[in-house]
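Structural overview
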Amino acid sequence: MKHVARKRFGQHFLSDPSVIEGIVRAIAPVPSDRMVEIGPGLAALTQPLVERLGHLTVIELDRDLAARLRGHGQLDVVESDVLKVDFTALAARLDSGAAGMRIVGNLPYNISSPILFHLLDHVGVVRDQHFMLQKEVIDRMVAQPATADYGRLSVMLQWRYAMENVLFVPPESFDPPPRVDSAVVRMVPLAQPPALDFRVYSELVQTAFSQRRKILRNTLGRWLDERGFAGDFDLQRRAEEVPVNEYVALAQAVRP
């Protein structure tokens, strides 16, 4: 029986063999990998991955799809909302060890940012991530300062990952086709990330970009004053003009 894509789950199933081959080539799976796929759907990417891996763990929210996937002898199916999955515990169960867990997936476009932030909480057990996303989201993730795409998502992710857009994917590669262009991003956790209080960093960045058209004196300046910050930081700029390393240094200088 043909599965009908469910809009509430943001389902768009990958169907272009050449794109699937390109994604698998970018991931380059080997049998020793401990890999997890988010949202396997109709297994278009799952099957070529598991053929190279021998075994694959998949996370699927759709009950009907999860039931279908359980019929595949080489898959370990976790039927769950990905935002409720403890990836640190999952990595321990998979015995990924020092090599780290590899995570891949065609993420639901309607909750892609929450998933990326959820995974940030578990970055310590991850070797790399390859995700299909809206191209405009990836443009924001990898954006440089003083560009229209540079924003909170850029700053929150770039302090912890090296990221690159590895493949463009047009709408006709899916069934049903989405109304946007897609792409695949590679995210590799930095081996030696700057040490900081993540709660402070997150609040600082959110405050800075809360009114991105205003200069920082009107937004971040008040936040810094409340924390007794007396250091040197140019507040006569807009949030999008400040590079990631300066946000990191500021977070390190602010009292929690």
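Residues numbered from 1 in each chain as written. Predicted model: local features only at pLDDT ≥ 70, side-chain atom pairs only at ≥ 80, totals over all residues. Heavy atoms only, no water.

**Examining helix 10 (residues 244-253)**
The complete set of buried residues in helix 10 reads Val244, Tyr247, Val248, Leu250 and Ala251. Viewed end-on, helix 10 has its buried residues packed into an arc of 165 degrees, placing them on one side of the element. Contact partners of the buried residues in helix 10: helix 7 (152-158), helix 8 (198-208) and helix 9 (220-226). (Buried < 20%, exposed > 50% of the residue type's maximum accessible area, 1.4 Å probe, protein only. Helix = DSSP H or I, 4+ residues; strand = E, 2+ residues; numbered from the N terminus. Arc of directions from axis to C-beta. Contact = heavy atoms within 4.5 Å.)

**Some points on the sheet that holds strand 2 (residues 35-38)**
Pairing between sheet strands relies on hydrogen bonds along the backbone, with the strands arranged either parallel or antiparallel. One open sheet accounts for seven strands, arranged 4-3-2-5-6-9-7; its pairing is mixed. Looking at strand neighbours, the two that pair on one side only are strand 4 (75-79) and strand 7 (161-169), the edges of this open sheet. Shown here is a sheet whose adjacent strand axes are inclined to one another by a mean of 20 degrees, direction ignored. Bridge count between strand 7 and strand 9 (residues 182-189): eight bridges; the pairing is antiparallel. For Asn165, the partnering residue across the bridge sits in strand 9 and is Val185. Lying over the sheet, helix 2 (residues 46-53) contacts strand 2, strand 3 (56-60), strand 4 and strand 5 (101-106), oriented at roughly 155 degrees with respect to strand 3. Packed onto the sheet, helix 5 (residues 112-120) meets strand 2, strand 5, strand 6 (126-134), strand 7 and strand 9 and runs at close to 175 degrees relative to strand 6. (Pairing = 2+ DSSP bridges. Axes fitted to C-alpha atoms, helices over the stretch in contact; angles between N-to-C directions.)

**Remarks on the nonpolar core**
Ranked by internal contacts, the top residues of the largest apolar core, which has 59 residues, are Phe87, Phe131, Met141, Tyr201, Leu220 and Tyr247. Residues Ile23, Met35, Leu49 and Val169 belong to the second largest nonpolar core, which totals 24 residues. (Core = buried A, V, L, I, M, F, W, Y, C linked by side-chain atoms within 4.5 Å.)

**With respect to unusual backbone geometry**
Going from Asp175 to Pro176, the amide bond is cis rather than trans, its omega being -10 degrees. You can see Pro176 is positioned in the loop between strand 8 (174-175) and strand 9. Positive phi outside glycine occurs at Ala43, with the angle close to 70 degrees. Mapped onto the elements, Ala43 comes out in the loop between strand 2 and helix 2. Classification of Ala43 as buried rests on a relative accessible area of 19%. You will see that Asp95, though not glycine, has its phi angle at about 55 degrees, which is positive. In this fold, Asp95 is placed in the loop between helix 4 (87-93) and strand 5. The exposed category is assigned to Asp95, whose relative accessible area is 57%.

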